[in-house]
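Letter by letter, the chains look like this.
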Amino acid sequence: MSEHPSVNASPHDPQSIQRMFNAIAPTYDMLNHLLSFGLDIRWRKRAIRSLEEKRGGAILDIAAGSGDLSLEALKLSPSYLVATDFAETMLQVFQKKLRGQRHSQIVNLVACDALSLPFADESFDATMVAFGIRNFADRIKSLREMRRVLKPRGLSLILELSAPKAPFVSQLYKVYSRVMLPLLGKIISKHNNAYAYLPDSIAKFPDQHEFRRLMEEAGFAEIHIMPLTFGAATIYLGRK
Ligand SMILES: C[S@@+](CC[C@H](N)C(=O)[O-])C[C@H]1O[C@@H](n2cnc3c(N)ncnc32)[C@H](O)[C@@H]1O
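The rules behind each value
Residues numbered from 1 in each chain as written. Predicted model: local features only at pLDDT ≥ 70, side-chain atom pairs only at ≥ 80, totals over all residues. Helix = DSSP H or I, 4+ residues; strand = E, 2+ residues; numbered from the N terminus. Rg over C-alpha atoms; globule rule 2.2 N^0.38 Å. Buried ≥ 20, exposed ≤ 12 C-beta atoms within 10 Å, placed from the backbone. Contact = placed C-beta atoms within 7 Å. Near = placed C-beta within 6 Å. pLDDT = per-residue confidence, 0-100. Pairing = 2+ DSSP bridges. Axes fitted to C-alpha atoms, helices over the stretch in contact; angles between N-to-C directions. Core = buried A, V, L, I, M, F, W, Y, C linked by C-beta atoms within 7 Å. Right-handed = clockwise from strand over helix to strand, strands pointing away. Parallel < 35°, antiparallel > 145°, perpendicular 65-115°, else oblique. Nonpolar A, V, L, I, M, F, W, Y, C, P; charged D, E, K, R; others polar.

Chemist: Please explain the overall build of the chain as it appears in this structure.
Modeler: When helices and strands are tallied, the chain shows 8 helices and 7 strands. Here the C-alpha radius of gyration of the chain, 17 Å, is about what a compact globule of 240 residues would show, namely 18 Å. Across its three principal directions, the C-alpha atoms of the chain cover 45 × 40 × 30 Å. For the chain, buried positions account for 41% of its 240 residues. Once local pairs closer than 6 in sequence are excluded, the contacts in the chain between residues at least 24 apart make up 64%.

Shown next as structure tokens:
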């Protein structure tokens, strides 16, 4: 699917998002770590620590991509873990990483859309999505799906990039995200605009206040919001 590298991705056009991730899958991990200075690894670790009370439970990772959040979640010794994504090339990268993993037999990869999960109500103790919900065409629908498949008292976790607000850091972030990041991303991924789309999609993502409101509308309670690294990423936790 990498034959369309110049397509303009937009959450309003899920097929363009799917094509984009299929195209950048081979360089996705490397660029993630490089462009975030390795912070993405720390953020996923922090996110999984916040699910400690669900240790041993069943976990669903939505928009799991190349699987780094799922692999971190294996530290919670889940009874089973299902990882989903609609970009099959991303899931193939994940599949390769699972080879030789000690707990790989409890992981199932499922290609599906986050807005229509093929799982029964109340199937999981925790559902989570990292750096994915920003790309979904209908966020409230995806939050409702995350909640629907949770058991009562289950937890949903959303880890998402955000734009820092503090004066000096926000200036630095603007220059970095508008100039450096698209340039490095384009050179390494060979995709014309995936990494120009990235800061754009972050800027258009709801702020913490608005996202809390969306979670409440989807039916979540006990909502916790944890800003990370001057607000460059945010963890949202909500309970069914
Ligand atoms: C930025 S990657 C994040 C991958 C992974 N969660 C991580 O922590 O690195 C976003 C992923 O969301 C997936 N995605 C976007 N929209 C989706 C949708 N509607 N349904 C399923 N997956 C989707 C993409 O295919 C991509 O793999």
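Chemist: Quick question: what am I supposed to make of the site of the ligand here?
Modeler: Surveying the vicinity of the ligand reveals 21 residues, the closest of which are Phe21, Ala63, Gly65, Ala87 and Ala114. Counting only elements with at least two residues in the shell around the ligand, the list comes to α1 (14–35) and α3 (68–73). Looking at the shell around the ligand element by element, the count peaks at 3 residues for α1.

Chemist: Quick question: what am I supposed to make of the confidence of the model for the chain here?
Modeler: Detailed reading of the predicted coordinates is not advisable wherever pLDDT is low. Mean pLDDT for the chain: 92, with 96% of residues reaching 70 or above. Low pLDDT (under 50) marks residues 1–7, which in the prediction has 17 contacts with non-local residues, meaning those over four places away or in another chain.

Chemist: Looking at this structure, I do not really get the sheet that holds strand β6 (residues 221–228). What am I missing?
Modeler: Through backbone hydrogen bonds, the strands of a sheet pair up, either in parallel or in antiparallel fashion. Ordered by their spatial adjacency, 7 strands build an open sheet running β3-β2-β1-β4-β5-β7-β6, and the pairing between neighbours is mixed. Of all strands in the sheet, those with a lone pairing partner are β3 (107–111) and β6, marking the two edges. Averaged over all pairs of adjacent strands, the angle between their axes in this sheet comes to 15 degrees, without regard to strand direction. Here 7 bridges tie strand β5 (residues 150–161) to strand β7 (residues 233–239), and the two strands are oriented antiparallel to one another. Each residue of the ladder has a partner; that of Leu161, found in β7, is Ala233. Its contacts with the sheet put helix α4 (residues 88–98) on β2 (80–85) and β3, and the angle it makes with β3 is roughly 165 degrees. Along the sheet face, helix α8 (residues 208–217) touches β6 and β7 and points at about 150 degrees away from the line of β6.

Chemist: Would you mind showing me how to read the pairing of β6 here?
Modeler: For a regular strand, side-chain orientation follows a simple rule: the groups alternate between the two sheet faces. In the sheet, β6 pairs with β7 via 6 bridges, with the strands oriented antiparallel. When the sheet's bridge partners are listed, Met226 is paired in β7 with Ile235. In this antiparallel pair of consecutive strands, β6 and β7, the connection spans 4 residues, and Thr229 shows a positive phi of 45 degrees.

Chemist: Help me out: how do you make sense of the nonpolar core in this one?
Modeler: Soluble, globular proteins show a tendency: their nonpolar side chains are buried together. One finds Ala47, Ile62, Leu157 and Leu159 to be the most contacted residues of the largest nonpolar core, which totals 63 residues. Of all the elements, α1 adds the most residues to this core, at 9 residues. Residues contacting Leu157, with those up to four places away along its chain left out, are Ala47, Ser50, Leu51, Ala126, Met128, Ile235 and Leu237.

Chemist: Looking at this model, I keep getting lost on the pairing of β5. Mind explaining?
Modeler: In this sheet, β5 lies alongside strand β4 (residues 124–130) in parallel orientation, the contact comprising 6 bridges. Looking at the pairing, Phe124 lines up with Leu150 of β5. In terms of handedness, the path from β4 via helix α5 (residues 139–148) over to β5 forms a crossover that is right-handed.

Chemist: How should I be thinking about unusual backbone geometry in this particular structure?
Modeler: Leaving glycine aside, a negative phi is the common case for residues, and trans is the common case for peptide bonds. You will see that Phe37, though not glycine, has its phi angle at about 55 degrees, which is positive. Here Phe37 falls in the exposed class, since 11 other C-beta atoms lie within 10 Å of it. The phi torsion at Ser77 lies on the positive side, around 45 degrees, for a residue other than glycine.

Chemist: What is the right way to look at the packing of α1 against α4 in this model?
Modeler: The packing of two helices is summarised by the inter-axis angle and the distance between the axes. The N-to-C vectors of α1 and α4 enclose an angle of 25 degrees; their axes lie 7 Å apart at closest approach. Taken together, the axes of α1 and α4 are roughly parallel relative to one another. On the side of α1, the interface is formed by Phe21, Asn22, Ala25 and Tyr28, while α4 contributes Glu88, Thr89, Met90 and Val93. Of the residues that constitute the contact of α1 with α4, the class distribution is 5 nonpolar, 2 polar and 1 charged.

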